[in-house]
Amino acid sequence: MIQQETGAVPASPRKPEQPKECFLIQPKEAKEDATKTRKRRKKKITDVLAKSEPKPGTPEDLQKLMKDYYSSNRSVIELEELNLPVCPKWVKLRKNHSEKKSVLMLIICSSAVRALELISPKMKEIPEQPLSRMPDNTAMKQQKLPAHHLRFSAKLVLSIFFGTGAFCLCMGVILILSAKKTKKVEINYTKICANCAEFRENAYNFDKECTCSIPFYLPQKMEGNVYMYYKLYGFYQNLYRYIQSRSNNQLTGEDVRDVENCAPFKVSRDGTPIAPCGAIANSMFNDTIILSYKLNSSVHIRVPMLKNGLTWWTDKYVKFQNPSFNDLPSKFAGSTKPPNWPKPVYELDKSNPDNNGFLNDDFIVWMRTAAFPTFKKLYRRLYRIHHFIQGLPAGNYSFNISYNFPVTRFQGEKAVVLSIPTWCGSGGFFLGIAYTVTGALTWLASFVLMAFHLTWKRKKKEVLQERSQASSRKAENTSGQ
């Protein structure tokens, strides 16, 4: 409830009766003098109050008063709130109120509170209390901030399109030329090791080894850092169920027995949890590839290769962690290896604890799934010592492969790749082709837009010429008459 004393109404020709109810002022129609014409002065609320007679007020009077004199200072939300019943118990309060020269009002919305602030200066002395969650009447909260609408001309748009197309075409050509200059050796050993592929088709030979040797000649020296990759054809790692078949809680070492999302490789036949679980881990590439260099006719030396430093930093130190750095077999007690693995996860690299368990680089590289069915993953990198300080010298080499990963079941293929990475990567053509195609399409769109622009510009010019000629003819006819 808000009770406030109001001043007396200015004197009028006759003394009105004192009202017993709350009042709002109803303006009186002004009589205009027909003989005198003078400039009307904008009415103020004080003038209206001075020339009006008291009358019992209603909620509609307050609403009309606010709309007539204060609508420019109110927000859209507040104007809408004025349509609500401001005083639902108006009649009851009016009957029970007997004090003279006072105004009684029941406020149920914040817009009415601010209305009283405008009507009566004394209301500003009362501390404002928020009665609703309506946003403040500010430019920020009422979305009245100044905005700048960019208007691009046709020349600017065409320049942007042509510039973007030229940039993409140049980058595509540079990337393709760089990829062609990359020194790379790729050997597909699916058919070369066909006897081992057939041997692996028999499930009874899962615990037996099959090796094959692939000799090759390196005509030119490969200087710098040399990387070895394995490449798979027709292996789809981008299937949704395949990607989701893993346990992140298990891979971060939080709970080795958490196999909830690892279907269909959650537990073994006897109900023991699998670690690491899931379809991705179970299908891990497990061929063993050894590179040998023929120093002379009778001496073969093994090319030193490093097993670590193959992963992303975030994968090695954030996404994958062992349950403990010490005594890994005890931490994996109560779990079993995946069905396709020859040994458990804590025996992947016994010689290096930092490359064992879930932190094994080969395992982490495989767990990062590929987007396309043909992909290659980093397997080893050259350790530049002794005869290989500058890289791989030209000469005779051989790959000694322990064939374990079957690909003929899904009509796939596999290969081994030796490559020297350049500034744009490992020498793939995908990025260069993507840039080239994007640039060509952008230029095509630019020419189409330019053709439309010139066509409409010519039509607009013709229309303007016709209008000017018509207006000139009309002017001549008028002057002739």
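Look up a bit, the structure's there.
Keep in mind that this is a model prediction, so the values were computed, not measured.

**As for the overall build of the protein**
Part 1: Scanning the protein from N- to C-terminus turns up 14 helices and 15 strands.
Part 2: Scored against the burial criterion, the 481 residues of the protein give a buried share of 33%.
Part 3: Considering only residue pairs separated by 6 or more positions, the protein has 78% of its internal contacts joining residues 24 or more positions apart.
Part 4: About 31800 Å² of surface is accessible on the protein, with carbon and sulfur atoms providing 56% of the total.

**Re helix α6 (residues 154-181)**
Part 1: In this model, α6 (28 residues) spans 41 Å end to end at C-alpha, consistent with the 40 Å of a helix rising 1.5 Å per residue.
Part 2: Buried within α6 we find Leu158, Gly165, Cys168, Gly172, Leu175, Ser178 and Ala179.
Part 3: Lining the buried residues of α6 we find α14 (430-480).

**Considering the sheet that holds strand β12 (residues 375-382)**
Part 1: With antiparallel pairing, five strands are arranged side by side in an open sheet as β5-β15-β8-β12-β11. Looking along the sheet, the strands with just one partner apiece sit at the ends: β5 (184-188) and β11 (305-306).
Part 2: Relative to strand β15 (residues 413-419), β5 is paired through five bridges, and the arrangement is antiparallel. The residue bridging glutamate 186 from the neighbouring strand is valine 417, located in β15.

**Some points on the sheet that holds strand β14 (residues 395-402)**
In any sheet, the strands associate via hydrogen bonds between backbone groups, in a parallel or an antiparallel arrangement.
Part 1: Strands sit in the order β6-β14-β9-β10 across an open sheet of four strands; the sheet is antiparallel. Of all the strands in the sheet, the pair left with one neighbour each is β6 (211-218) and β10 (300-302). On average, each strand axis in the sheet is inclined to that of its neighbour by 30°, with strand direction left out of account.
Part 2: Pairing of β6 with β14 involves eight bridges; the strand directions are antiparallel. Across the sheet, threonine 211 pairs through a bridge with serine 402, a residue of β14.

**Topic: the packing of aromatic side chains**
Part 1: Inspection of the entire model under this criterion finds 26 aromatic pairs.
Part 2: Aromatic side chains phenylalanine 162 and tryptophan 443 sit 5.9 Å apart centroid to centroid with 80° between the ring planes, which places their arrangement in the edge-to-face category. Taken together, the positions of phenylalanine 162 in helix α6 and tryptophan 443 in helix α14 put the pair 281 residues apart, joining distant regions of the chain.
Part 3: With a relative accessible area of 22%, phenylalanine 162 lands in the partly exposed category.
Part 4: Pairing phenylalanine 285 with phenylalanine 405 gives two aromatic rings, centres 5.3 Å apart and planes at 45°, and the pair type is tilted. Note that phenylalanine 285 is positioned in the loop between α10 (279-282) and β9 (288-294) and phenylalanine 405 in the loop between β14 and β15, a separation of 120 residues in sequence. Across the pair, phenylalanine 405 and phenylalanine 285 agree in class, each one buried.
Part 5: Ring pairing ties together the aromatic residues Tyr230, Phe235, Tyr242, Phe285, Trp366, Phe375, Tyr379, Phe405 and Phe410, which thus form one cluster.
Part 6: Between lysine 414 and the ring centre of tyrosine 403, over which it is positioned, the NZ or CZ distance is 3.4 Å.
Part 7: Geometry around tryptophan 456 places lysine 459 over its ring, the cationic atom sitting 5.0 Å from the centre.

**Re the nonpolar core**
Part 1: Judged by nonpolar contacts, the single largest core of 62 residues is most densely connected at Trp366, Leu392 and Phe399.
Part 2: Considering each element in turn, this core owes the most residues, five residues, to helix α13 (residues 361-367).
Part 3: In this view, tryptophan 366 contacts Tyr230, Leu232, Phe235, Gln237, Tyr242, Ile280, Ser283, Met284, Phe285, Phe375, Lys377 and Phe405; residues no more than four positions away in its chain are not counted.

**With respect to the pattern of salt bridges**
Part 1: Tallied over the full model, the rule gives nine salt bridges.
Part 2: Between glutamate 201 and arginine 409 there is a salt bridge; the shortest N-O distance is 4.0 Å. Residue glutamate 201 is found in helix α7 (residues 194-201), and its partner arginine 409 is found in the loop between β14 and β15; the two are separated by 208 residues along the sequence.
Part 3: As a salt-bridge pair, aspartate 362 and arginine 380 come within 3.0 Å of each other at their nearest N and O atoms. Taken together, the residues span a long stretch of sequence, with aspartate 362 in helix α13 and arginine 380 in strand β12 at a distance of 18 residues.

**Some points on the environment of threonine 408**
Part 1: Its location among the elements puts threonine 408 in the loop between β14 and β15.
Part 2: Along the backbone, threonine 408 and alanine 197 are 211 residues apart, and their C-alpha atoms lie at a distance of 7.0 Å.
Part 3: Other than its neighbours up to four places away in sequence, threonine 408 contacts Ala197 and Glu201.

**Points about the side chain of asparagine 282**
Part 1: Tracing the sequence through the fold places asparagine 282 in helix α10.
Part 2: With sequence-adjacent residues up to four places away left out, asparagine 282 is seen in contact with Phe265, Pro338, Pro339, Asn340 and Trp341.

**Observations regarding the state of the cysteines**
Part 1: In the structure shown here, the tally under the stated rule is three disulfides.
Part 2: Covalently, cysteine 193 is tied to cysteine 212 through a disulfide, its sulfur atoms 1.8 Å apart. Taking the torsion about the sulfur-sulfur bond, which here is approximately 70°, the covalent link between cysteine 193 and cysteine 212 counts as right-handed. On the criterion of sequence distance, the pair formed by cysteine 193 in the loop between β5 and α7 and cysteine 212 in strand β6 is long-range, its members being 19 residues apart.
Part 3: The residue that forms a disulfide with cysteine 262 is cysteine 277, at a sulfur-sulfur distance of 1.9 Å. Placement of the pair is cysteine 262 in the loop between α9 (248-251) and α10 and cysteine 277 in the loop between α9 and α10, with a sequence separation of 15 residues. You'll find cysteine 262 and cysteine 277 in the same group, each marked buried.
Part 4: Each bonded cysteine of the protein gets a number by its place in the sequence, and the pairs then read 1-4, 2-3, 5-6.
Part 5: Counting only cysteine sulfurs, cysteine 170 is the nearest neighbor of cysteine 168, a cysteine outside any disulfide, at a range of 9.4 Å.
Part 6: On the accessibility criterion, cysteine 168 (8% relative accessible area) is buried.

**Topic: the environment of glutamate 186**
Part 1: Inspection of the secondary structure puts glutamate 186 in strand β5.
Part 2: Separated by 232 residues in the primary sequence, glutamate 186 and leucine 418 place their C-alpha atoms 6.4 Å from one another.
Part 3: Look past the residues within four positions of glutamate 186 in its chain and what remains in contact with it is Lys231, Tyr233, Ala415, Val416 and Val417.

Cut-offs and rules
Numbering of residues starts from 1 in each chain and follows the order in which that chain's sequence is written. Local features are withheld for residues below a pLDDT of 70 in this predicted model, meaning they are given only at 70 or higher, and side-chain atom pairs are given and counted only at 80 or more; totals for whole chains, interfaces and linings count all residues. Hydrogens and water are ignored here; the side-chain numbers use all heavy atoms of the structure. Strands are runs of DSSP state E lasting at least 2 residues, helices are runs of H or I lasting at least 4, and numbering of each runs from the N terminus. For every residue, the accessible area (1.4 Å probe, protein chains only) is compared with the maximum for its type, and the residue is labelled buried under 20%, exposed over 50%, or partly exposed between those bounds. The contact criterion used throughout is that any non-hydrogen atoms of two residues lie within 4.5 Å. Surface accessibility in these figures is a Shrake-Rupley result with a 1.4 Å probe; residues are shielded only by whichever protein chains are displayed. Helices are assigned an expected span. That span is 1.5 Å times one less than the residue count. Two strands are counted as paired when DSSP detects at least two bridges linking them. All axes here are fitted lines through C-alpha atoms, helices being fitted over the stretch that makes contact, and every angle between N-to-C directions spans 0 to 180 degrees. Paired rings are identified among Phe, Tyr and Trp, the last through its six-membered ring, by centres lying within 6.5 Å, and are further divided according to the angle between planes into stacked (under 30 degrees), edge-to-face (over 60) and tilted (the rest). Here, over-ring charges are defined by two tests on the NZ atom of lysine or the CZ atom of arginine: distance to the ring centre within 6 Å, and angle to the ring normal within 35 degrees. Among buried residues, those of type Ala, Val, Leu, Ile, Met, Phe, Trp, Tyr and Cys that are joined through side-chain atoms within 4.5 Å constitute a nonpolar core. By definition here, a salt bridge exists when the distance from a side-chain nitrogen of Lys or Arg to a carboxyl oxygen of Asp or Glu is within 4 Å. Cysteine sulfur atoms are paired as a disulfide whenever they come within 2.5 Å of each other.

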